[in-house]
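A closer look at the structure
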Amino acid sequence: MNLASYIDHTILKPQATRADIEKLCQEALKYKFASVCINPKHVRYAAELLEGSSVNVCTVIGFPLGANKSEVKAMEARIAMEEGAREIDMVIDIGAAKEHDFSRVKEDICKVKAEVDRNHVLKVIIETCLLTDEEKVEVCKVCKEAGADFVKTSTGFSTGGATAEDVALMFKTVRPELKVKASGGIRTRADAEKMIEAGASRLGTSAGIAITEG
């Protein structure tokens, strides 16, 4: 199994420097990862470093809380794409999901989707550790209705990360229209293989090299 092709090589820590981003991009080129996943302020620099390569630039929107206004998330996405991002990972309105106001969750996603054309990828982070199974299913349904490309488990900044059980539940709910990205706490080859077996098409991790090299 070519695990590198599943991996979004990730650095989202707030203290990341330009040198960290350069190293991340060099590693992504060497190992042929699917993308680098970085905070919006680094998108332009990463896009310059990866220009002409097969490695996409992925960034996070409304991160990590999802509590930004929808208009701000949409603006973030638009600017990120203008600066070279090919993939957008947005955090849902988690509070609305907990209130079971799924129409508000959908509206939030739709406002970002309106900025993301078919040449870009929209992944929606639902923060599984904060939702019940019933809420996970309802949010996944909303993601389909809103035209997302992926549902993603976690930010990695909350109370838990990806589990194979959540990935399987999400995969069952969204297939075949959407794909699943597992993210948060994936550190070993065994972790990665477990998530892929459960239905993940993409893995968000800062341990991509260790996973690839086994």
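Report on the accompanying structure. As the structure is a prediction and not an experimental result, all values here were calculated from the model.

1. Side note on helix α2 (residues 43-50)
Taken as a whole, α2 has its buried residues at V43, Y45, A46, A47 and L50. Buried-residue contacts for α2 involve α1 (18-31), β2 (35-38), β3 (56-61) and α3 (70-82). Backbone geometry just downstream of α2 places G52 in the positive-phi region, at approximately 85 degrees.

2. Overview of unusual backbone geometry
Glycine aside, the phi torsion of most residues is negative, and most peptide linkages are trans. Here F63 and P64 are connected by a cis peptide whose omega angle stands at 0 degrees. Here P64 lies in the loop between β3 and α3. A cis amide bond links R175 to the next residue, P176, at an omega of 0 degrees. Relative to the helices and strands, P176 is located in the loop between α7 (164-174) and β7 (179-183). At K32, a position not held by glycine, the phi torsion is positive, near 60 degrees.

Conventions we followed
- Residues numbered from 1 in each chain as written.
- Predicted model: local features only at pLDDT ≥ 70, side-chain atom pairs only at ≥ 80, totals over all residues.
- Heavy atoms only, no water.
- Buried < 20%, exposed > 50% of the residue type's maximum accessible area, 1.4 Å probe, protein only.
- Helix = DSSP H or I, 4+ residues; strand = E, 2+ residues; numbered from the N terminus.
- Contact = heavy atoms within 4.5 Å.

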